[in-house]
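# Understanding the architecture of this molecule
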Amino acid sequence: MRCLELGRNALGAAAPNPAVGACIVHNDKIIGEGFTSPYGGPHAEVNALSNIQDKGLLVDSTLYVSLEPCSHHGKTPPCTDAIIAAGIPRVVIGIGDPNSSVDGKGITALENAGIEVITNVLEKECRTHHRRFLCFHEKNRPYIILKWAQTSDGFMAPLEELRKGKKKPYWITGTLARQRVHQWRSQEQVILAGSKTVLEDNPELSVRRWKGKSPIRVILDQEMHVNENHRVCNEIAPSWIVSPEKRTDLPAHVEHVCIPFDTHLPENLLKELHRKKINSLFIEGGSQTLQTFMDAGLWDEARVFTGNKEFGEGLRAPEAKGLITHREKIGSDTLLIYRNDR
């Protein structure tokens, strides 16, 4: 379990690499541990090895790692080479790596070097932790998380008169819930919203209430109304504007993605994100965008906050249908997390 705790530190920053945790044990004592560095840096196993002061202990130690060590040259050398060179006699692996570049080759390399390898330890827990990476390689799409906040009477946006003409979010939840959302943003590669949300709320969709990297902001803009004056087009984080026709009016730092806005929009967008090596997608709204993915059955989790406000009228929140896996009280708000079990 310590490996999974360590791996959580790499969520978001390591992507598209998996958020792996590793620890090295000698005589029932952890002597080195690490997690995957931000993308392009050393992997968990190498970081764990580098933290050991007495390298002589390695010949009688066990390496625990949440995912099969890589055995190929990417941005860094193979982790299997470092493990073999260190003289570690035993490696315990949570789950195998489905990436075609690895997929058993790491285990074989270790075994061919005379290392004892034990696999599929805490398999369920490791699959849950690595669900983004596994979804990318097993389903050929990003792992999809839906998120919205709703009032106690089931609305996610008020009538226009409550906004008083201001183009900013109308908060349903309290500050603790909003902080949790920023933590979630820091753990995902891409955050997605529709143009209606941008035009009505003018959100920045960045990480401000938590320490971490802001995700890439992807905006579905069928009518091509989102422009450089909206906060999602600032330079705090990368922005991709998706529309059905080519655009030349966007700032140079904003990427344009051209996709038909037809009945296959969700599938085509996911194909494009997969091509761009995006393994997680955090959808914050609005209602139409959320419902489009729900209707297509293209979601894995739904994280729903319910506040204690009532609107009486307004925009109805989507109806989450799935298995409730988590319930939590955060301040005065209630969080339910659903898993798509269809």
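All figures in this text were calculated on a predicted structure; none of them were measured in a lab.

## Things to note about helix α10 (residues 265–275)
- Regarding α10, the residues found buried are Leu 265, Pro 266, Leu 269, Leu 270, Glu 272 and Leu 273. Buried residues of α10 fall within an arc of 160° about the axis and therefore sit on the same side. Facing away from the buried surface of α10 by more than 90 degrees, the exposed residues are Lys 271 and Arg 275.
- A positive backbone phi angle near 65° is found at Lys 277, which sits one or two residues after α10.

## So, the nonpolar core
- Counting 31 residues, the largest nonpolar core has Leu 146, Trp 148, Leu 281 and Phe 293 as the members making the most contacts within it.
- No other element matches α10, which puts 4 residues into this core.
- Residues within four places of Leu 146 in sequence aside, it is in contact with Ile 283, Leu 290, Phe 293, Met 294, Trp 299, Glu 301, Ala 302 and Arg 303.
- Listed in part, the 26 residues of the second largest apolar core include Cys 233, Phe 282, Phe 305 and Ile 330.

## Quick word on the side chain of Gln 150
- Tracing the backbone shows Gln 150 in strand β6 (residues 143–150).
- Given a relative accessible area of 17%, Gln 150 falls into the buried group.
- Only 3.1 Å separates the side chain of Gln 150 from the side chain of Trp 148, close enough to count as a polar contact.
- Here the side chain of Gln 150 touches Thr 306 through a polar contact of 3.3 Å, side chain to side chain.

## What to know about the pairing of β6
- Counting buried positions along β6 yields 8 of 8 residues, so the element is predominantly enclosed.
- A two-sided burial pattern is seen for β6, the buried positions comprising Tyr 143, Ile 145, Lys 147 and Ala 149 on one face and Ile 144, Leu 146, Trp 148 and Gln 150 on the other.
- With 4 bridges joining them, β6 and strand β12 (residues 280–285) adopt parallel strand pairing. Bridge pairing in β12 places Tyr 143 opposite Ser 280.
- Note: β6 against strand β13 (residues 301–306), 6 bridges, orientation parallel.

## Concerning the packing of helix α3 (residues 79–86) against helix α4 (residues 105–112)
- It is the contact of α3 with α4, at a shortest axis distance of 10 Å, that shows an interaxial angle of 20°. It follows that α3 is roughly parallel to α4 by the angle criterion. Crossing of α3 against α4: the hand is right-handed. For the pair α3 and α4, contact is made by Thr 80, Ile 83 and Ile 84 and by Gly 106, Ala 109 and Leu 110, respectively.
- Along the lines of polarity and charge, the residues of the contact of α3 with α4 split into 4 nonpolar, 2 polar and no charged.

## Examining unusual backbone geometry
- Look at the link from Ala 15 to Pro 16: it is a cis peptide, with omega at 10°.
- Inspection of the secondary structure puts Pro 16 in the loop between α1 (2–7) and β1 (21–26).
- Following Gly 285, the chain continues into Gly 286 via a peptide bond in cis, with omega recorded as 5°.
- With respect to the secondary-structure elements, Gly 286 resides in the loop between β12 and α11 (287–295).
- Even without being glycine, Asn 120 reaches a positive phi, approximately 55°.
- Within the secondary structure layout, Asn 120 lies in the loop between β5 (116–118) and α5 (123–129).
- Overall, the relative accessible area of 45% leaves Asn 120 in the partly exposed class.
- Unlike most non-glycine residues, Asn 202 shows phi in positive territory, near 45°.
- Relative to the helices and strands, Asn 202 resides in the loop between α9 (195–201) and β9 (216–220).
- Owing to a relative accessible area of 19%, Asn 202 belongs among the buried residues under this scheme.

Reading the values: rules and limits
- Numbering of residues begins from 1 in every chain and follows the order in which that chain's sequence is written.
- Since the coordinates come from a predicted model, pLDDT governs what is reported: local features require at least 70, and pairs of side-chain atoms require 80 or more to be given and counted, while whole-chain, interface and lining totals use all residues.
- Values shown for side chains rest on all heavy atoms present in the structure; no hydrogens or waters enter the calculation.
- Burial classes follow relative accessibility: with a 1.4 Å probe on protein chains only, a residue under 20% of its type's maximum area counts as buried, one over 50% as exposed, and anything between as partly exposed.
- Secondary structure counts use DSSP, requiring at least four H or I residues in a row for a helix and at least two E residues in a row for a strand, with both numbered from the N terminus.
- Note that the arc is computed from the directions linking the helix axis to the C-beta atoms.
- Definition of nonpolar core: a set of buried residues of the types Ala, Val, Leu, Ile, Met, Phe, Trp, Tyr and Cys, connected through side-chain atoms within 4.5 Å.
- Working rule for contacts: check all heavy atoms of both residues, and any pair within 4.5 Å makes them a contact.
- Counted as a polar contact is a pair of N or O atoms within 3.5 Å, where, for protein atoms, one must be capable of donating a hydrogen and the other of accepting one, and residues adjacent in sequence contribute only when both atoms are in side chains.
- Pairing between two strands is assigned when DSSP locates at least 2 bridges connecting them.
- Axes here refer to lines fitted to C-alpha atoms; in helices the fit is confined to the stretch in contact. Angles between the N-to-C directions go from 0 to 180 degrees.
- Note on terminology: angles under 35 degrees are roughly parallel, angles over 145 are roughly antiparallel, angles of 65 to 115 are roughly perpendicular, and the others are oblique.
- Crossings are assigned a handedness: left-handed for a near helix turned anticlockwise from the far helix by less than a right angle, right-handed for a clockwise turn.
- Residue type decides the class: Asp, Glu, Lys and Arg count as charged, Ala, Val, Leu, Ile, Met, Phe, Trp, Tyr, Cys and Pro as nonpolar, and the leftover types, Gly among them, as polar.

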